[in-house]
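So you can see what is in the structure, the chains are spelled out below.
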Amino acid sequence: LGRCDDALAVVEEALAKDPLAPSLLSARVWMLMAAGRMAEAVAAADAVLPLASRAPMLFVVAIRTHLAAGNVARALDLLNSAGHTSAERYPGYLPLRIAAEVAAGNRSSAQELLDQLLERGVDAQPSACYAIGEAYLALGDVDRTFEWWTRSVERRELWSVWFMAT
């Protein structure tokens with residue numbers, strides 16, 4: 001914990017061997033953000049976008065990075081451009097859209113998106129409980145966030161593993 005620079009060095013070493021690995025490229029962005037190096041994280045996220053058509057999770061990473069950096073307009077642009085990819089199927093995609101709408105001051109739009117997510121139900125997509133928790137977090141409802149994340153862990157949803165690791 002707290003050894004972001006060490007973790008980043010390991011990721012960089014792995015990238016030297018496989019410079020186009022989406023998991024390593026996204027890990028590099030996450031490590032840069034964790035180390036507080038936001039400008040580098042944003043640049044790294046933007047640099048991998050040309051690969052996002054074959055690895056749509058890179059869109060999700062870039063969107064989250066821009067939101068974390070306060071670049072709401074850029075995050076919304078990326079959300080809109082990701083529509084032609086399978087990024088929309090990632091459990092974290094809709095909660096990111098909700099977070100972007102909240103950050104842009106469109107709370108009613110964000111609530112409508114949450115309502116859609118809730119209407120789908122927990123069996124409609126993988127890691128639905130995790131995604132619903134993320135959506136509540138974006139809306140600032142911490143109690144409901146933990147309620148849904150707890151359900152995610154209880155259901156052993158794939159993304160809850162990521163949640164527990166971070």
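Further up the page is the structure itself.
About the criteria used
Residues numbered from 1 in each chain as written. Predicted model: local features only at pLDDT ≥ 70, side-chain atom pairs only at ≥ 80, totals over all residues. Heavy atoms only, no water. Helix = DSSP H or I, 4+ residues; strand = E, 2+ residues; numbered from the N terminus. Buried < 20%, exposed > 50% of the residue type's maximum accessible area, 1.4 Å probe, protein only. Contact = heavy atoms within 4.5 Å. Areas by Shrake-Rupley, 256 points an atom, 1.4 Å probe, with all protein chains shown as cover. Axes fitted to C-alpha atoms, helices over the stretch in contact; angles between N-to-C directions. Left-handed = near helix turned anticlockwise from the far one by under 90°. Nonpolar A, V, L, I, M, F, W, Y, C, P; charged D, E, K, R; others polar. Expected span 1.5 Å × (residues − 1). Arc of directions from axis to C-beta. Salt bridge = Lys/Arg side-chain N within 4 Å of Asp/Glu carboxyl O. Parallel < 35°, antiparallel > 145°, perpendicular 65-115°, else oblique.

Caption draft 1: The overall build of the protein, seen in detail. Along the backbone of the protein there are 10 helices and zero strands. For the protein, the spread of C-alpha atoms along the three principal axes comes to 45 × 35 × 25 Å. Looking at the protein as a whole, 42% of its 166 residues qualify as buried. Restricting to contacts in the protein with at least 6 residues of sequence separation, those with at least 24 account for 50%. Of the roughly 8700 Å² of accessible surface on the protein, 55% is carried by carbon and sulfur atoms.

Caption draft 2: Structural context of the packing of helix α5 (residues 72–81) against helix α6 (residues 93–103). Look at α5 against α6: their axes get within 10 Å of each other, and the N-to-C directions meet at 145 degrees. In the packing of α5 onto α6, the handedness of the crossing is left-handed. Counting all contacts with α5, which are made through Val72, Leu76, Leu79 and Asn80, the residues of α6 involved are Tyr93, Leu96, Arg97, Ala100, Glu101 and Ala103. When grouped by side-chain class, the residues that make up the contact of α5 with α6 number seven nonpolar, one polar and two charged.

Caption draft 3: Summary view of helix α2 (residues 22–34). For α2, spanning 13 residues, the distance from its first C-alpha to its last is 18 Å, which sits close to the expected 18 Å at 1.5 Å a residue. Buried within α2 we find Leu25, Ser26, Val29, Leu32 and Met33. All buried residues of α2 fall inside an arc of 120 degrees around its axis, so they share one side. Looking at the buried residues of α2, the elements they touch are α1 (4–17), α3 (38–47) and α4 (57–68). Phi turns positive one or two residues past the end of α2, at glycine 36, with a value near 80 degrees.

Caption draft 4: Representation of unusual backbone geometry in the model. Phi is positive for arginine 156, which is not a glycine, with a value near 55 degrees. Here arginine 156 lies in the loop between α9 (142–154) and α10 (158–165).

Caption draft 5: Focus on the pattern of salt bridges. Enumeration according to the criterion identifies 10 salt bridges in this entry. Across the salt bridge formed by aspartate 6 and arginine 3, the nearest N and O atoms sit 2.9 Å from each other. Taking the relative accessible area as the measure of exposure, arginine 3 reaches 57% and is therefore exposed. Put simply, glutamate 40 and arginine 37 hold a salt bridge, and the shortest N to O gap is 2.9 Å.

Caption draft 6: Quick look at the side chain of glutamate 101. Mapped onto the elements of the fold, glutamate 101 is located in helix α6. Glutamate 101 sits in the buried class, given a relative accessible area of 10%. The contacts of glutamate 101, once residues within four sequence positions are left out, are Leu76, Asn106, Arg107, Ser109, Ala110 and Leu113.

Caption draft 7: Examining the packing of α1 against α2 more closely. Contact geometry of α1 with α2 gives a least axis separation of 9 Å together with a crossing angle of 160 degrees. One finds that α1 runs roughly antiparallel with respect to α2. Here the hand of the crossing between α1 and α2 comes out left-handed. Where α1 abuts α2, its residues Cys4, Ala7, Leu8, Val11, Glu12, Ala14 and Leu15 lie against Leu24, Leu25, Ala27, Arg28, Met31, Leu32 and Ala34. Of the residues that constitute the contact of α1 with α2, the class distribution is 12 nonpolar, no polar and two charged.

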